[in-house]
Amino acid sequence: MKRPAFLNLRRLEGRIVALFLALLVLVQLTSWLITYANIRRSTEVAVEAELKTGQRMLAHLLAQGALQQVAVLRQLENNHGIRSVLAEASGMAPTEFAETLFSALDSKNKHLVDASVIAYVAADFHLVTATRPQAEAFAALLPALIQAKEDEDAGNIASGRASLVLVGGRAYQLVFVPVKAAGLGGWLLMAVDLQAEPLHELQTLSGLSSTFLLRQGQQAWTPLGSVLDQNTAAAVAGQVQVGTPAFTLQLGEEEMRGLYVPLLHSGEQQLSVLLLRSFDQAFESYRTLRQTQGSLTVLGILVFALGSVLTARRISRPIKTLADSAERLGAGDYDTPVAQDGNADEVGDLARAFEAMRQGIQERDASLNELAFKDQLTGLPNRAGFVQQLERWLSGHAEQPCAVLTLGLDRFKHVNDVQGHDFGDLLLHKVALRLQELLPSTEDILARLSGDEFAVLLSDADETSALALADAIHRDFERPLRLKDQTVDLSAGIGMALSPAHGQDAKLLLSRASLAMFEAKKRQSGSVLYSASLDAGSQESLSLLSELRHAVEAGELRLFLQPKVDLQSGRIISAEALVRWQHPQRGLVPPMLFIPFAEQTGFIRTLTRWVIEASAAAWAQAHAQGLALRISVNLSTRDLLDQDLPAKIQTLLDAHGARSDALCLEITESAIMDDPQRALHTLEQLHARGFKLSIDDFGTGYSSLAYLKRLPVHELKIDKSFVMAMETDLGDAKIVRSTVELAHNLGLSVVAEGVETAKAWRLLSALGCDEGQGYFIAKPMPHEQFIAWLQAWRAPDLSDSDADTMLDQLG
């Protein structure tokens, strides 16, 4: 199950909620820890205050007990019966004395007789009588106590005093009053054993636990009286820290605070009281506060979590909306506006920026579509636009037939060359208007595919409809078109393809209609409907390309060389490289059957590479035998447009150890004029590397002398059509002479092609031509035979050639 966004830490919403909650929890935890520490510190202070208050209360309770005991002694001392007893008390048994005292006391004080020792001591401090035998020990302590009281009270002891004493390993509260009866004197004293009674009273009043402790020397503390049970009191006694008034001790699992209060130090005996307060119980009193704080913390976290989720959603939802808009933009949907909430915050600014971007992209996309799918000259769909609309029509009308017609104007290039491009553009625009008027339906589509080619989609049309439209176009074109005071005759070849008969793919239909159009122009038959037989030539071309690739890989190509002779010395100084194809089934395939095809398909670059490499290898063989030979290689238009050509040629030469002067690179005028700037750049690079450059078939192109002067070439080759006709045609002879003179004036050497006779050789030599090439010298031969032929070469005797008459006519 997919988690909510606010629980997913990979999402912005989840990270915002997590950050807010983490900060809140940190703050709340810090606050809770500080509050806990303060509560604990407050508890420590409160417990310490309670213990000190308990110390004061215990002192007050002991003092009250002493006052009560003094009051009892006063009551006895003022009783006439007791005075009589005291006068005759000498030798009285303790039991009898106790019973006498018991009868003299009121009911609320009778218990003191049982809980204490009461004695009568004469003025000379000897014990007269007592309620218990151990009174001797108290009587012995009396002089020192009286002296201490006299020193303390400056002799005023008439009111009676109390002291703590240790006798027989027990602690007592000793009080005494003087006997003032006439003839008696002495003292009445009472010693009350310190038990747990005052401690229980203290616990009732303050809630403190306490224990009287006694220690003999360095022995362990012994509980004397306690509100705790015996084992607990013993455990507490073992944790007393002398010298530390308030300290911590552990009672089972309960943490306690203790206050050590020394009461009496007599010799090696020490009497103290230990006051105890449960720290855990005191701290527990703050439970409500802590629970309230905890509840508020949890509630705050929940409320803050809800608020952070709402805040995160308020932030993330617009961003998610913008992300969705970005995805739509990425998918090409430029029509749906970006949602904006109207807020003036940063997210609102971002949304408005996205919307501005969408509008800008929409406008640019519309502009690009205009450029990509529309012909700027005629306003009609271009090839891409026509294919797009044809595909849309075919997908939406699968069951309906249609026809695709392609139309190619005749002689448009001639009109463009003669009248100029502006005139040609105007002609195309007018033709588009006339074709648009001939469409039978508004659903039909007219497009301009390229220079002089148009296409028509006839919706819901069969063969009859297609032929009717083609016939209507031909009839309309019989009317001349008048432009800028010029009359232009129109004619066109029209090809037709039908759907579904000839296919249901847009590109297939268009290509088959174009194939039929080319056939119509070839036959000059006006209109041709596509048939399967028209694809035979196309299939043959595909087969030829595949076989040509295989020929390079399988080594079926052969290098032939045709020698060039120095017309003045008769020495062979160079040769032209020619390629032949030794097909395993077709035999030796003539160059004219595959070279033009290679140029059209771009495969000519592969053939050029092969010829250069083979020529470099042939040069290396001749060089190894001491023969000086330069080999000429033809470059095509596609070769010249390759800016990396110089480096590629150099790499092939380096592989065979050949220098740049091993090759002469021949370029036709038409190859240069297709793209003069790029061609010139390539030629300059070749010239810089030291290659000899030659203009092939000079005189058949349209290059100007001014442009020829700019070319970094070294040689001109006169086309064989002039050379072969010069023996009989004085005009061609003059052309040859002028070309030779022109080349020499430009610093170029001249090579004549088509030297078929001795007379041609002699004429060319007389006209100053530098080199000659033709069947009279030798036909092209396999390069394996060339070296042997070269070594056997002897220049022919030209003395019998009849060239004098032509030379006389040339003057």
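See the structure printed just above.
Since we're looking at a predicted model, the values are computed, not measured.

**Comments concerning the pairing of strand β18 (residues 557-566)**
In step 1: Counting buried positions along β18 gives nine out of ten residues, so the element sits mostly inside the fold.
In step 2: Pairing analysis gives nine bridges linking β18 to strand β19 (residues 572-583), with the strands arranged antiparallel. Each residue of the ladder has a partner; that of Val-565, found in β19, is Ile-572.
In step 3: Connecting β18 to the antiparallel partner β19 that follows it, the hairpin turn spans five residues, and Gly-570 within it adopts a positive phi of roughly 80°.
In step 4: Here two bridges tie β18 to strand β27 (residues 781-782), and the two strands are oriented antiparallel to one another. By the bridge assignment, Leu-561 is partnered in β27 with Met-781.
In step 5: Pairing analysis gives two bridges linking β18 to strand β26 (residues 771-773), with the strands arranged antiparallel. Within the sheet, the bridge partner assigned to Val-565 lies in β26 and is Gly-772.

**Focus: the packing of aromatic side chains**
In step 1: Applying the stated criterion across every chain yields a total of six aromatic pairs.
In step 2: Ring centres 6.1 Å apart and planes at 80° place the aromatic pair Phe-176 and Trp-187 in the edge-to-face group. Placement of Phe-176 in strand β4 (residues 170-178) and of Trp-187 in strand β5 (residues 187-193) is noted, with a sequence separation of eleven residues between them. Note on accessibility: Phe-176 and Trp-187 belong to one class, buried.
In step 3: Each residue in the set Phe-786, Trp-789 and Trp-793 is aromatic and connected to the rest through ring pairs, giving one cluster.
In step 4: The ring of Phe-279 is capped by Arg-257, whose NZ or CZ atom sits 4.1 Å from the centre of that ring.

**Details of the sheet that holds strand β11 (residues 402-409)**
In step 1: The mixed open sheet is built from five strands, whose spatial order is β12-β13-β11-β16-β17. Unpaired on one side and paired on the other, β12 (445-450) and β17 (527-529) mark the two borders of the sheet. On average, adjacent strands in this sheet sit at an angle of 20° to one another, irrespective of strand direction.
In step 2: As judged from the eight bridges shared by β11 and strand β16 (residues 492-499), these two strands associate in the antiparallel manner. In the strand pairing of β16, Thr-406 is matched with Gly-495.
In step 3: Sheet strands in contact with helix α14 (residues 463-477) are β11, β13 (453-459), β16 and β17, and its direction is about 165° off that of β16.
In step 4: In the packing of helix α15 (residues 506-523) onto the sheet, the strands contacted are β11, β12, β13, β16 and β17, and the crossing angle to β16 comes to about 145°.

**A few points about a nonpolar patch on the surface**
In step 1: A grouping of Val-25, Leu-29, Trp-32 and Leu-33 is seen on the molecular surface, where their side chains present a nonpolar patch of about 350 Å² in accessible area.
In step 2: Mapped onto the secondary structure, Val-25 falls in helix α1 (residues 12-78).

**A look at the side chain of Gln-69**
In step 1: Tracing the chain through its elements places Gln-69 in helix α1.
In step 2: On the basis of relative accessibility, which here comes to 5%, the residue Gln-69 falls in the buried class.
In step 3: The contacts of Gln-69, once residues within four sequence positions are left out, are Gln-173, Val-175, Met-190 and Val-192.

Rules used in this analysis
- Residues numbered from 1 in each chain as written.
- Predicted model: local features only at pLDDT ≥ 70, side-chain atom pairs only at ≥ 80, totals over all residues.
- Heavy atoms only, no water.
- Buried < 20%, exposed > 50% of the residue type's maximum accessible area, 1.4 Å probe, protein only.
- Helix = DSSP H or I, 4+ residues; strand = E, 2+ residues; numbered from the N terminus.
- Pairing = 2+ DSSP bridges.
- Phe/Tyr/Trp six-rings, centres within 6.5 Å; stacked < 30°, edge-to-face > 60°.
- Lys NZ or Arg CZ within 6 Å of the ring centre and 35° of its normal.
- Axes fitted to C-alpha atoms, helices over the stretch in contact; angles between N-to-C directions.
- Contact = heavy atoms within 4.5 Å.
- Patch = residues over 30% accessible without salt bridge, like charges linked within 9 Å, V, L, I, M, F, W, Y side chains within 5 Å.
- Areas by Shrake-Rupley, 256 points an atom, 1.4 Å probe, with all protein chains shown as cover.
- Salt bridge = Lys/Arg side-chain N within 4 Å of Asp/Glu carboxyl O.

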